[in-house]
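Here is how the chains run, residue by residue.
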Amino acid sequence: MLSEGEAKELLSFLTLEMRADVKGQATGYILGLTGNRDGCRYLRSKQDFLKALVTLTCDPSIAIVKDCYHSLINLSADETLHQPLVKETDLLAILFQNLLDPEYMFADRICTILSNLSRHERTCRDVFNALQEQKIGLDKVVEIFCTEGFNKKASLHYLGPLLSNLTQLPEARHFILDKDKCVIQRLLPYTQYEESSTRRGGVVGTLRNCCFDYAHHEWLLSDAVDILPYLLLPLAGPEELSEEENEGLPVDLQYLPEEKKREDDPDIRKMLLETLILLTATKVGRQIMKNKNVYPIMREFHKWEKDPLVISACEKLVQVLIGDEPEAGMENLMEVEIPKDVEEKLKELDAKEQEQMEKDKQESEKKQNESSEGLER
């Protein structure tokens, strides 16, 4: 890495007053450093460089600003840099200020950085607190996310993962689930947003996190929100169901056309199933889902699905849907206390199951690749 003298000289080039050509070479060098783990870890201890990068996001040169944002994306992808970035610089204040500008051309990079920084709870809380301190609030983020074309120069799709990350915090879930604000109702249509799997996945992740708060399950499944069709439609296909099965389904899922396609991203399909599983944690949730005839959709989905991790999630849901009700006193599965030794054993078995499914998935992909190579020859 750089000697102390070289680092000092490089830092002197990273100022708003420096000539653009010299400054551009310096930001290009920093960008190269952030392209690997050792370079990121080196910069972690160089707070002056982090501050300089943040300052230069306001540079008049588009090329220099682009380099700085690209560097900050790379740095924010490393969890060990999260605290230095949010505690030692004005990064969050500058990011949120620019995000609100509908003409700002680097808004997508801002969304990516915020999404990276909010992945883990500690820094996620810093991001959430900064929202409040900047007098922006989560309601403004949701408004921007739901306003098509808010920024003509950016898609803002990565606000989806940001919302998902923020809802790991109880305060964010409380806002999303506020019955008077109709926030969750605004997000539901994005479970089928065709233009971006990032946006879809972010919203599904947000819904899944919100469903950990089981006290809201009955409201979420009621006509006031009607979450079920938005979770089931991406999993439903064109298969023909019997008239009796169709009649028992929510109206939006009845008699689907032959061209109906399922969600193509296996990670999103798995999150949708996990959300449905969470909704079966309470007795009222299980009853509603059984009354809404969810099983035939899952039966046909299970026949179609190829990903072992998604199949496993589907089978867990089906077991609840077709199984007997838990005994008295155990109706709320989220409140059941499991003995420590049993919990550890279950975690161990689950880890082994996940490991085996990952191996099966890799083996399947390997065979598919070998088959493709054989066809190409």
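Residues numbered from 1 in each chain as written. Predicted model: local features only at pLDDT ≥ 70, side-chain atom pairs only at ≥ 80, totals over all residues. Heavy atoms only, no water.

What counts here: UniProt positions are given in the numbering used here, feature names are shortened, and annotations may be inferred rather than shown by experiment.
Under an unreviewed UniProt entry, the name given to the protein is Protein HGH1 homolog, and the organism recorded is Cyprinus carpio carpio. Under the heading Sequence similarities (unreviewed entry), UniProt records this for the protein: "Belongs to the HGH1 family."

A closer look at unusual backbone geometry
Stated precisely, the cut-off is as follows: We count a stretch as a helix when DSSP gives it H or I for four or more residues in a row; a strand needs E for two or more, and each element gets its number in order from the N terminus. Only protein chains enter the accessibility calculation, which uses a 1.4 Å probe; a residue whose area is less than 20% of its type maximum is buried, one above 50% is exposed, and one in between is partly exposed.
Positioned with a positive phi, Leu156 is a non-glycine residue whose angle comes to about 60°. Take Leu156: it is sitting in the loop between helix H10 (137–146) and helix H11 (159–166). We classify Leu156 as buried; its relative accessible area is 3%. One non-glycine residue with positive phi stands out, namely Asp226, at about 60°. Relative to the helices and strands, Asp226 is located in the loop between helix H15 (217–221) and helix H16 (228–232).

Examining the environment of Arg262
To be explicit about the condition: Contacts are assigned to residue pairs with any non-hydrogen atoms lying within 4.5 Å of each other. Polar contact is the term for a pair of N or O atoms within 3.5 Å; when the atoms are in protein, one must be able to donate a hydrogen and the other to accept it, and sequence-neighboring residues count only if both atoms are side-chain atoms.
By the element assignment, Arg262 lies in the loop between helix H17 (243–248) and helix H18 (266–279). Judged by its relative accessible area of 10%, Arg262 falls in the buried class. In this structure the C-alpha to C-alpha distance between Arg262 and Leu235, which are 27 residues apart in sequence, comes to 5.3 Å. Once residues within four sequence positions are removed from consideration, Arg262 is found in contact with Pro234, Leu235, Ala236, Gly237, Pro238, Glu239, Glu300, Phe301 and Trp304. Of note is the side chain of Arg262, whose polar atom sits 2.7 Å from the backbone oxygen of Leu235.

Notes on the nonpolar core
Formally: We define a nonpolar core as any set of buried Ala, Val, Leu, Ile, Met, Phe, Trp, Tyr and Cys residues linked to one another through side-chain atoms lying within 4.5 Å.
Counting residues in each nonpolar core, the largest one holds 108 residues, and the members touching the most others are Ile227 and Met298. Other than its neighbours up to four places away in sequence, Met298 contacts Leu232, Leu235, Leu273, Cys314, Leu317, Val318 and Leu321.

Focus on helix H21 (residues 308–322)
Since the α-helix packs 3.6 residues into each turn, any two residues three or four apart lie on the same face. Which entries qualify depends on this criterion: Given a helix with a known number of residues, its expected span is that number minus one, times 1.5 Å.
Counted at 1.5 Å a residue, the expected span for H21 with its 15 residues is 21 Å, and the 21 Å between its end C-alpha atoms agrees. Considered for burial, the residues of H21 that qualify are Pro308, Leu309, Val310, Ser312, Ala313, Cys314, Leu317, Val318 and Leu321. The residue sitting at the N-terminus of H21 and contributing the capping side-chain oxygen is Asp307; that oxygen lies 2.9 Å from the backbone nitrogen of Leu309.

Quick notes on the pattern of salt bridges
Where charged atoms from two side chains of opposite charge approach closely, those side chains can pair. Rules: Salt bridge, as used here, is a side-chain nitrogen of Lys or Arg placed within 4 Å of a carboxyl oxygen of Asp or Glu.
This structure, assessed with the given rule, holds 17 salt bridges. Between Asp21 and Arg19 there is a salt bridge whose closest N-O contact spans 2.7 Å. A residue is classified by how much of its surface remains accessible, and Asp21, at 46% relative accessible area, is partly exposed. The exposure class assigned to Arg19 is exposed, which follows from its relative accessible area of 55%. Here Lys23 makes a salt bridge to Asp59, at a shortest N to O gap of 2.6 Å. With Lys23 in helix H2 (residues 20–33) and Asp59 in the loop between helix H4 (47–55) and helix H5 (62–76), this pair connects stretches of sequence that are 36 residues apart. Its relative accessible area of 8% is what places Asp59 among the buried residues. Each of the salt bridges in this network shares a partner with another, and the network as a whole consists of Glu245, Arg299, Glu300 and Lys303.

Description of the side chain of Ser118
Here Ser118 is to be found in the loop between helix H8 (107–117) and helix H9 (121–133). Here Leu114 takes part through its backbone oxygen, which lies 2.8 Å from a polar atom of the side chain of Ser118. A polar contact of 3.2 Å, which involves the side chain of Ser118, links it to the backbone oxygen of Ser115.

Considering the packing of aromatic side chains
Spelled out, the test is: In this scheme Phe, Tyr and Trp rings, the latter by its six-membered ring, pair at centre separations within 6.5 Å, and the angle between planes marks the pair as stacked below 30 degrees, edge-to-face above 60, and tilted otherwise. Criterion for a charge above a ring: Arg CZ or Lys NZ at most 6 Å from the ring centre, at most 35 degrees from the ring normal.
Inspection of every chain in the model, using the stated rule, returns 6 aromatic pairs. Ring geometry for Phe145 versus Tyr190: centroids 5.1 Å apart, planes at 50°, classification tilted. Placement of the pair is Phe145 in helix H10 and Tyr190 in the loop between helix H13 (183–187) and helix H14 (197–210), with a sequence separation of 45 residues. Here Phe145 falls in the buried class, since its relative accessible area comes to 1%. An aromatic cluster is built from Tyr69, Tyr104 and Phe106, whose rings are joined through pairwise contacts. Geometry around Phe145 places Arg199 over its ring, the cationic atom sitting 4.3 Å from the centre. The side chain of Arg199 reaches across the aromatic face of Tyr193, ending 5.2 Å from its centre.

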